[in-house]
Amino acid sequence: MIAKSVLEKFKGIVGEQNYWDSPADLALYSFDSSVEKPAQPEVVVRPESTEQVAQICKLCNDNSIPLVTRGSGTNLAGGTIPVTGGCVLLMTKLNKILEINVKDMYAVVQAGVITADFAAAVLEKGLFYPPDPGSQKMSTLGGNVAENAGGLRGLKYGVTKDYVMGVTFCDMEGNIVKGGGKTVKLCTGYNLTGLMCQSEGTLGVMTEFVLKLVPPPKASKAMLVSFDSIMDAGNTVSGIITNHVLPCTLELMDNFTIKTVEEATGAGLPVDAAALLLIEVDGHPAQVEDDYQTVLKVCRENNGAVKVANTSEEKEKLWEGRRKSLSSLARLRPTLVLEDATVPRTKIPDILVALEEIRQKYNVTIGTFGHAGDGNLHPTFLCDKRDVEEMARVHKAVDELFAAALRLDGTCSGEHGIGIAKAKYMVDEVGEGTINYMKQIKKGIDAKNLLNPTKMGL
Amino acid sequence: MEKVVGELKQLEELLVQCSRCGTCQSVCPLYKKDRQESSVARGKMYLLDALVEGQIKKADEIYKYLDYCVLCGRCKNNCPSGVKTDEIFLRARGILRQVKKLPAWQKLALKVAMGQPKLLAAMSPLFHIGLRAGASKVDDGVFKPMGLFRPLIGAMADRHVIDMPAEPFTKKYGGFNQAQNEKMRVIFYPGCAVTLIYTGWGEAIVETLLHYGVSVYVPEVNQCCGIPSATMGEMGLYKKQIGVNFDYFDSIKDAEYILTCCPTCEYGLGATAERESGRQRGKQMMDIIVFMAEVLKGDYPKDIPLEGRTTLHIPCHYNHAKDSVLKEFIKEHFDTEYADLKNDGCCGFGGTFSLKNYAHTKEISALKAKEVEERGYKNLFTACPGCAMNLTDATLTAETAVQASHPVVEMYRRRIKKNP
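Rules used in this analysis
Residues numbered from 1 in each chain as written. Chains lettered and ligands numbered in written order. Predicted model: local features only at pLDDT ≥ 70, side-chain atom pairs only at ≥ 80, totals over all residues. Heavy atoms only, no water. Helix = DSSP H or I, 4+ residues; strand = E, 2+ residues; numbered from the N terminus. Rg over C-alpha atoms; globule rule 2.2 N^0.38 Å. Buried < 20%, exposed > 50% of the residue type's maximum accessible area, 1.4 Å probe, protein only. Contact = heavy atoms within 4.5 Å. Areas by Shrake-Rupley, 256 points an atom, 1.4 Å probe, with all protein chains shown as cover. Lys, Arg positive; Asp, Glu negative; His and termini not counted. Charge placed at Lys NZ, Arg CZ, Asp CG, Glu CD. Pairing = 2+ DSSP bridges. Axes fitted to C-alpha atoms, helices over the stretch in contact; angles between N-to-C directions. Buried area = accessible area lost by both parts, 1.4 Å probe. Salt bridge = Lys/Arg side-chain N within 4 Å of Asp/Glu carboxyl O. Polar contact = N/O pair within 3.5 Å; in protein donor to acceptor, adjacent residues only side chain to side chain. Domains from an automatic or database assignment. Phe/Tyr/Trp six-rings, centres within 6.5 Å; stacked < 30°, edge-to-face > 60°. Core = buried A, V, L, I, M, F, W, Y, C linked by side-chain atoms within 4.5 Å. UniProt positions renumbered as here; feature names shortened; annotations may be inferred. Parallel < 35°, antiparallel > 145°, perpendicular 65-115°, else oblique. Left-handed = near helix turned anticlockwise from the far one by under 90°. Nonpolar A, V, L, I, M, F, W, Y, C, P; charged D, E, K, R; others polar.

Draft legend 1. Layout of the overall build of chain A. The number of helices and strands found in chain A is 16 helices and 16 strands. For 458 residues, the compact-globule formula gives about 23 Å, and the C-alpha radius of gyration of chain A, at 23 Å, lands near that figure. With the principal axes as the frame, chain A shows a C-alpha extent of 70 × 60 × 40 Å. Buried residues in chain A amount to 59% of all 458 residues. Counted over contacts in chain A with a minimum sequence separation of 6, partners at least 24 positions apart contribute 72%. Surface summary for chain A: the accessible area is close to 18600 Å², and the carbon and sulfur share equals 51%. Of the side chains in chain A, 48 bear a positive and 56 a negative charge, and the two mean positions are spaced by 3 Å.

This is how it looks when you write it as structure tokens:
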């Protein structure tokens, strides 16, 4: 329990308007977008500057108070649930875009900026920030970096970590630390920027970033390909990659998802298809045409029926179905367990086979869609959290799903992070030695293990 | 307390649909401003869950969070899981009212507005005189209360208010208005704002309908749609108002449609009313522009010149399936350079919300006014008198002399009125 005098110090740092400790206010920060069990913090504060963040870190350290950093709380693995109580540090007021440098193609932003707002501001200046996590309209850039968020464009353009050039963060002693910078090449000291990416708030509180921007593509072409067999769709994904074409988007929907979307939206999707691929190639017009011809050839070799979008309206219509996947599935049952098991992309057909076996074995409902092009699928378990027996089956099915992904040289998390939800799979993926090494790093930086404790099993 | 929790448990099937994805954050006008979970639907629903499950012990502690909501419905319209947030919040407020009594001034205001509509209308001349006496004129038909009211109404003293005409709209138009060459008959439901404040909107709409051969029934006394009571958690009063209005609609046998120019009235007397009262309205209710464009299809004037660029604020409760009808109506009939507002969110008014939270309302509407100013719009349309009032306050506060108006009003004044 935090002493009243310490609570007053929190209030002194951030001011009355950014301080909360009533039961209802604490409950509001006990959960995130995951299905993990909520846990109450003892205090919630919302700093408005890096200096205030540093003071809060020091105060927590001096008084052995756990510290959980939170942006929009849209993470799906329980990464912002304050499992051991303590302080939730809300980053939503550090939300300024400090600079968009068009000539050197970088931007300086605070951690609480909403991803889509930033992408729109960059686009207005004629540049492009490619990472596009599904939660981009809500999620903060700080959360994106902490979780290394991905998105639909990951296959060609990479994920958040590929765009972080520099980072400013606070350690638990209240030091303000800087990693990386504004130059394309930089090799000063440890790569702290790399270390902080996907650290899930366990190594410091990030307040500011230098983000890389790129020129937008000059042309693009989108198509919807339907298949009578999901294996044909999986083989098409492998075929496109082995033919060395990198579409900017290569998305998969299974028959269950297609039918659900069609029933919910009437978007005009082929409900008889066993699977759909939504493919978009972009870049220089000549390259786009070249890539398109290769994709067309691979699709035909794998019995895919190709429908090309000739206008921007047609393209928009094609994407409508993909965008509605999650929402359409969400309406079927009260609870969604959205996973992100990821495999090397040529092993997509194998994970699809494994998924079907798991579905039958545990009698669970799964809608599968996702970023097949980068091997990152989102098998979505539809269930009801109030049904204990059903949830037990779902949890076992999820365990087996991750076991299958690891068997196929994959990973437990493509873009959602580990949090508390997947901590138990960590050792299977990286081994005891790696876990120990991570613990040593954390111990060196955060001796009392106050920074987001229990996350990633640390 | 047990009773309250028991009643809230009945909302379980609605609450369990929320997957806590947080999509509501991206569209909530209050979250965008405050950036905290207490402002947004996800947080409010979590609190209701926490109360039902016993994590939170005092029901009255969460009322203030449920009450802090514009009820714009944008969370519902954008929810991936289809959570009926408006239904949850209205019902929960009603249930929690048992432990959190309505403040006396709000009770009195409701009592007069709901129970004494005749008295309210009769007081129009007094409002008219009072407003002018205690305020200074700042623009055509717009006043600003002077400092003497500040002790009574606080921050509201800074609000620009639209002049209240000496006569309510229903005094002149209440009853049956016969069209020459009658094609059909409709009911026009004016709502409180048109009855007492934007009487010119009512006149323009009725005269336009008459001009195109539509006879119009107007209630002799406007009965409030009931939404103010519902938003204050007084569901009993709301149901009573639904009954009074539905009785009136039922009493008119030869009208096919009920028309309105207030989307919140349409919302309050629409599906929500049918669900809460268990009664069927029996006649189709629709917005005046949707009626003109899709049912009446008259030979309306085209190319009405407007000086400068034009934009549109689409009210939250507008039937959004008809947003394009509203936009096309403006583009088709006015000669102007039209562009959508980039900030397509709520204006922040929310009726009773604004009365209780004017400072918050002002922060939200200021963003709209800023865009109007920055992008140089000279004409600002909307299809709701409440939004018009609020946006006019915001633009005048920002010292941009652009008053919000209704497309049919401008069409009538500029082309249809005999002596414009």
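Draft legend 2. Region of the structure containing the sheet that holds strand β7 (residues 164-170) of chain A. All names here are of chain A. In space, the five strands of this open sheet follow the order β5-β6-β9-β7-β8, with antiparallel pairing throughout. Looking along the sheet, the strands with just one partner apiece sit at the ends: β5 (97-101) and β8 (176-180). Ignoring which end each strand starts from, the neighbouring axes of this sheet average 10° apart. Relative to strand β6 (residues 106-110), β5 runs antiparallel, the two sharing four bridges. Of the residues in β6, the one forming a bridge with I97 is V109. Each of β5, β6 and β9 (205-212) is contacted by helix α4 (residues 115-124), which is oriented at about 35° to β5, the strand it contacts most.

Draft legend 3. Here's a closer look at the interface of chain B and chain A. Opposite the 32 residues of chain B that make contact, chain A presents 35 residues. Both faces considered, chain B and chain A share a buried interface measuring about 2700 Å² in area, 49% of it formed by carbon and sulfur atoms. At the junction of chain B and chain A, the tally comes to four salt bridges. The tally of links from chain B across to chain A stands at 18 residue pairs in polar contact (both at pLDDT 80 or more). Looking at the side of chain B that touches chain A element by element, the count peaks at four residues for helix α4 (residues 41-52) of chain B.

Draft legend 4. Broad picture of the domain arrangement of chain A. Domains assigned within chain A are domain 1 (4-92), domain 2 (97-212) and domain 3 (218-330). With centres defined by C-alpha atoms, the gap from domain 1 of chain A to domain 3 of chain A works out at 43 Å.

Draft legend 5. Focus on the sheet that holds strand β13 (residues 305-308) of chain A. All names here are of chain A. A sheet is described by the order of its strands in space; here seven strands give the open sequence β13-β10-β12-β11-β15-β16-β14, paired in antiparallel fashion. Since the sheet does not close on itself, it has two edges, and those belong to β13 and β14 (335-338), each with one partner. Taken over all neighbouring pairs, the strand axes of this sheet differ in orientation by 20° on average, direction set aside. With nine bridges joining them, strand β10 (residues 219-227) and strand β12 (residues 275-283) adopt antiparallel strand pairing.

Draft legend 6. Representation of the side chain of T168(A) in the model. All names here are of chain A. Checked against the element boundaries, T168 lands in strand β7. Residue T168 is classed as buried on the basis of its relative accessible area, which comes to 11%. For T168, the residues in contact, after removing those within four places along its chain, are T50, I176, V177, K178, V205, M206, T207 and E208.

Draft legend 7. Spotlight on the packing of aromatic side chains. Here the structure, examined in full by the defined rule, presents 17 aromatic pairs over all chains. A centroid spacing of 4.8 Å and a plane angle of 45° characterise the contact between F402(A) and Y425(A), whose relative ring orientation is tilted. Within this pair, whereas F402(A) is found in helix α14 (residues 388-407), its partner Y425(A) is found in the loop between α14 and α15 (426-430), the two being separated by 23 residues in sequence. The residues F402(A) and Y425(A) share a single accessibility class, namely buried. With 6.2 Å between their ring centres and 55° between their planes, Y300(B) and F329(B) make a pair best called tilted.

Draft legend 8. Main features of unusual backbone geometry. Residue and element names in this part refer to chain B. Positive phi, normally seen in glycine, also occurs at R20, with a value near 60°. Structurally, R20 can be placed in the loop between α2 (12-15) and α3 (29-34). Taking the relative accessible area as the measure of exposure, R20 reaches 13% and is therefore buried. The residue N181 is not glycine, and still its phi comes out positive at about 50°. Topologically, N181 is positioned in the loop between β4 (175-177) and β5 (184-188). Given a relative accessible area of 72%, N181 falls into the exposed group.

Draft legend 9. Here's a closer look at the nonpolar core. The biggest cluster of nonpolar side chains holds 74 residues, and the ones touching the most others in it are L8(B), L48(B), I62(B) and L96(B). A per-element tally of this core places α4(B) first, with eight residues. Those residues in contact with I62(B) that sit more than four places away from it in its chain are A24(A), L47(B), L48(B), L51(B), I56(B) and L96(B).

Draft legend 10. Representation of the pairing of β7(A) in the model. Residues and elements named next belong to chain A. For β7, the tally of buried residues reaches seven of seven residues, placing the bulk of the element in the interior. In this sheet, β9 lies alongside β7 in antiparallel orientation, the contact comprising six bridges. Along β9, the bridge assignment pairs T168 with E208. Sheet topology places β7 next to β8; five bridges connect them, and they run antiparallel. For V167, the partnering residue across the bridge sits in β8 and is G179.

Draft legend 11. Helix α19 (residues 288-296) of chain B, seen in detail. All names here are of chain B. For α19, the set of buried residues is I288, I289, V290, F291, M292 and L296. Its side-chain oxygen at 3.0 Å from the backbone nitrogen of I289, D287 defines the N-terminal cap of α19. Looking one or two residues beyond α19, the residue adopting positive phi is K297, at roughly 45°.

Draft legend 12. Examining the UniProt feature "domain: FAD-binding PCMH-type" (unreviewed entry) in chain A more closely. As annotated by UniProt and renumbered to match this structure, "domain: FAD-binding PCMH-type" (unreviewed entry) occupies residues 36-216 of chain A. What you have in residues 36-216 of chain A is 22% helix and 23% strand, and the ends, taken at the C-alpha atoms, are 39 Å apart.

Draft legend 13. Local environment of the pairing of strand β7 (residues 257-260) of chain B. All names here are of chain B. Here β7 shows two buried faces, one formed by Y257 and L259 and the other by I258 and T260. Where β5 and β7 come together, three bridges link them in parallel fashion. Its bridge partner being in β7, V186 is matched across the sheet by Y257. Of the strand pairs in this sheet, β7 and strand β8 (residues 284-287) are connected by four bridges, and their pairing is parallel. Pairing of T260 across the sheet is with D287, part of β8.

Draft legend 14. Quick look at helix α24 (residues 407-416) of chain B. The buried fraction of α24(B) amounts to seven of the 10 residues, a majority that puts the element mostly inside the structure. Considered for burial, the residues of α24(B) that qualify are P407(B), V408(B), V409(B), E410(B), M411(B), Y412(B) and I416(B).

Draft legend 15. Summary view of the packing of helix α1 (residues 4-14) of chain A against helix α3 (residues 50-62) of chain A. All names here are of chain A. Put simply, α1 and α3 touch, their axes get as near as 10 Å, and they point 170° apart. Overall, the two elements α1 and α3 adopt an arrangement that is roughly antiparallel. On α3, the residues that touch V6, K9, F10, I13 and V14 of α1 are Q52, Q55, I56, L59 and C60.

Draft legend 16. Spotlight on the packing of α4(B) against helix α5 (residues 60-67) of chain B. Residue and element names in this part refer to chain B. Orientation of α4 relative to α5, taken along the N-to-C sense of each, is 160°, at an axis distance of 10 Å. What the angle tells us is that α4 and α5 run roughly antiparallel. Crossing of α4 over α5 shows left-handed handedness. Across from K44, L47, L48 and L51 in α4, the residues of α5 making contact are I62, Y65 and L66. Classifying every residue of the contact of α4 with α5 gives six nonpolar, no polar and one charged.

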